[in-house]
Amino acid sequence: MRAVPLAARVYILGAVLLSALCATPALSPAADVPWPTVGLLAALAVLWGSALPRLPLGGAAAGPDWCGPVLLAGAFLLPAPAAALVAVPAALLGPVERRPVGVRRLWRCARSALAAYAASYAFGLGGGRDALAASHVPAVSGCPGFPHALAPAVGAALVLGLTSAALEGGVLVTAEGRSPRLAWRGRTLCSLVPHLAHGLAGLTMAVLWRSPYGPAAALLALPPMYVCARVFALCHQERAAHRATVRALVQAVDIKDRYTRGHSERVGRASVMIARELGMGGDRIETLRVAGVLHDLGKLGVPTRLLRKNGPLTPEERGVIELHPEYGHEMVRGIGFLGEARDAILHHHERLDGSGYPHGLAGADIPEAARVVAVADAFDAMTSTRAYRRARPVPAAVEELKRCAGAQFDPRMVDALTRALDRHGWHTPAPPEPRPLTPAGRRRTADPGRGEARERTPGRTPGRARGQAPDRAPDHASDQRGNVPPAPPPAPSPTSPPETVSVPDAAPKTPPSPWRPGPGGGT
């Protein structure tokens, strides 16, 4: 308990006391509680929860969702205090994978009991319990009670989901210090969708429970729900495997080119900002994020000495660099879940005027995803410090994108990124750490081409005579490393380093907390 913040301890203790207060009337000797029904439903909830111990069922699944049909059946069949008791054994005996275990068990017990109590109260308030009492199985379709119980059952399922989401968001606010907007954003919808299906299954269980066939017939409603949960879990595991694959590929690129470490993730983030500004849907936004983080995957096939070379590249070396989109496309050709991200990997260096590579596409022939990634890639390349040139300030990079819009970049994508930056800002990455100096004050660097160490004095380019003017890396939207196709260079930049502008990120990181959500986003 010491690891849990004081505000969270007070919040959890309040929820436990409130749930105990709600369930206490059922323990009164004067209460007319059908204890056999309570015991059977509680045992069924325990068995149902143990049958699905590790299935991720959505954002609120770690709450009452994992035994939602049984809890809703209890809410339909029992008074509200007794329905709260049905949820207690399953919540206490269910698996807990994160510490503190005892606190999490108490919290899950209180949350499930309060959600079941609220659902049962709402069902009775809507007249559903009276309508359900008039239903009987031999004529379910023609029974006057069953249709009238349907609307209160849906309302009770929604109340169960909303209560669970509200309580879960509260513990995230108190335990992790999240803002209420971030704690509840997206959680409500994730809670309501599974509960609507669970509500119908729970109503079917309740009707069959009151039928002449008894509780055994009510079990027939659970196998379809188990199959649905199993399919959902397999889809979730497949998506998790996809994300792990993408992360592994990105790490391989970052390891090979240390100067662009983090570049792929930032391009993915900028691509998402553009996609959201253009009003794209959730699945497409995720596809563009993957396209952004994998756009430079083909650099795994480029010699390391070219990626780390100081100064401009020769035409032959640049020709090798320009093969990386085709290398990347070949690497992901057989990965079906990437979708249009494969087109973005292949064509993110095409230009609207047709002078890009590898295929020289122009205008609308360039896939939209490639046009999004091209702008995101150019923006991060200009605002990041590389071995061969310094970073540009964010406003200067935006002006360069606007200057190149229409010939090199899609103006829609440039405008979308500009609006997104004005709204959310951008955090410029820190420059790479310099390599350590030897005792003699000279840097020792590995020569990728020869596999041996070579020395050079700081400030001098290897192979250049003393007093010779150093080569200047291009100071425009092209960096010759395959980030952006070349553009005519402007006047030489001043010798003093430009002042970089760091715009605060839109979503600051949450401070570390020992209280973390459990599987599926719940606790």
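Residues numbered from 1 in each chain as written. Predicted model: local features only at pLDDT ≥ 70, side-chain atom pairs only at ≥ 80, totals over all residues. Heavy atoms only, no water.

Examining the overall build of the protein chain
Inference 1: Assigned secondary structure in the protein chain consists of 20 helices and two strands.
Inference 2: In the protein chain, which comprises 523 residues, the proportion classed as buried is 47%.
Inference 3: Considering only intrachain contacts with a sequence separation of at least 6, the fraction spanning at least 24 residues in the protein chain is 69%.
Inference 4: Of the roughly 24500 Å² that the protein chain leaves accessible, carbon and sulfur atoms contribute 61%. (Helix = DSSP H or I, 4+ residues; strand = E, 2+ residues; numbered from the N terminus. Buried < 20%, exposed > 50% of the residue type's maximum accessible area, 1.4 Å probe, protein only. Contact = heavy atoms within 4.5 Å. Areas by Shrake-Rupley, 256 points an atom, 1.4 Å probe, with all protein chains shown as cover.)

Topic: the packing of helix α18 (residues 368-382) against helix α20 (residues 411-424)
Inference 1: In the contact formed by α18 and α20, the axes pass within 9 Å of each other and the chain directions differ by 50°. As summarised for this structure, α18 and α20 are arranged oblique, according to the angle between their axes. Judged by the sense of rotation from one axis to the other, the crossing of α18 with α20 is right-handed. Contact with α18, carried on its side by Glu368, Arg371, Val372, Val375 and Phe379, involves Arg412, Met413, Val414, Leu417 and Leu421 of α20 and no other residues of that element.
Inference 2: Its residues placed into classes, the contact of α18 with α20 shows seven nonpolar, no polar and three charged. (Axes fitted to C-alpha atoms, helices over the stretch in contact; angles between N-to-C directions. Parallel < 35°, antiparallel > 145°, perpendicular 65-115°, else oblique. Left-handed = near helix turned anticlockwise from the far one by under 90°. Nonpolar A, V, L, I, M, F, W, Y, C, P; charged D, E, K, R; others polar.)

What to know about the side chain of Asp377
Inference 1: As for its position among the elements, Asp377 is in helix α18.
Inference 2: Side chain to side chain, Asp377 and His263 meet in a polar contact 2.9 Å long. (Polar contact = N/O pair within 3.5 Å; in protein donor to acceptor, adjacent residues only side chain to side chain.)

Observations concerning the packing of aromatic side chains
Inference 1: Under the criterion given, the structure shown has four aromatic pairs.
Inference 2: Look at Trp48 and Tyr226: their rings are 6.2 Å apart centre to centre, the planes differ by 70°, and that puts the pair in the edge-to-face class. A residue pair is termed long-range when its members are at least 10 positions apart, and Trp48 in helix α2 (residues 35-51) and Tyr226 in helix α11 (residues 222-256) qualify at 178 residues.
Inference 3: Taking the relative accessible area as the measure of exposure, Trp48 reaches 9% and is therefore buried.
Inference 4: For Arg269, the ring lying beneath its charged end belongs to Trp426, and the centroid distance is 4.2 Å. (Phe/Tyr/Trp six-rings, centres within 6.5 Å; stacked < 30°, edge-to-face > 60°. Lys NZ or Arg CZ within 6 Å of the ring centre and 35° of its normal.)

A word on the packing of helix α19 (residues 394-404) against α20
Inference 1: The interhelical angle for the contact between α19 and α20, taken along N-to-C directions, is 160°, at an axis separation of 10 Å. Here α19 lies roughly antiparallel to α20, going by the angle between them. For the element pair α19 and α20, the recorded crossing hand is left-handed. Within the contact between the two elements, α19 uses Val394, Val398, Leu401 and Lys402 and α20 uses Val414, Leu417, Thr418 and Leu421.
Inference 2: Considered class by class, the residues forming the contact of α19 with α20 number six nonpolar, one polar and one charged.

Looking at α20
Inference 1: For α20, which comprises 14 residues, the first-to-last C-alpha distance of 20 Å matches the rise-based estimate of 20 Å (1.5 Å per residue) to within 8%.
Inference 2: Taken residue by residue, α20 has Met413, Val414, Ala416, Leu417, Thr418, Ala420 and Leu421 as its buried positions.
Inference 3: Capping the start of α20 is the job of one residue whose side-chain oxygen sits 3.0 Å from the backbone nitrogen of Arg412: Asp410.
Inference 4: Just past α20, the residue Gly425 takes up positive phi, approximately 75°. (Expected span 1.5 Å × (residues − 1).)

Overview of the confidence of the model for the protein chain
Inference 1: Of all residues in the protein chain, 74% attain a pLDDT of 70 or more, and the chain-wide mean is 76.
Inference 2: Scored below 50 in pLDDT, residues 137-144 shows 10 contacts in the model against residues more than four places distant or in partner chains.
Inference 3: For the stretch residues 435-478, pLDDT sits under 50, and the model shows 68 contacts to residues farther than four places along the chain or on other chains. (pLDDT = per-residue confidence, 0-100.)

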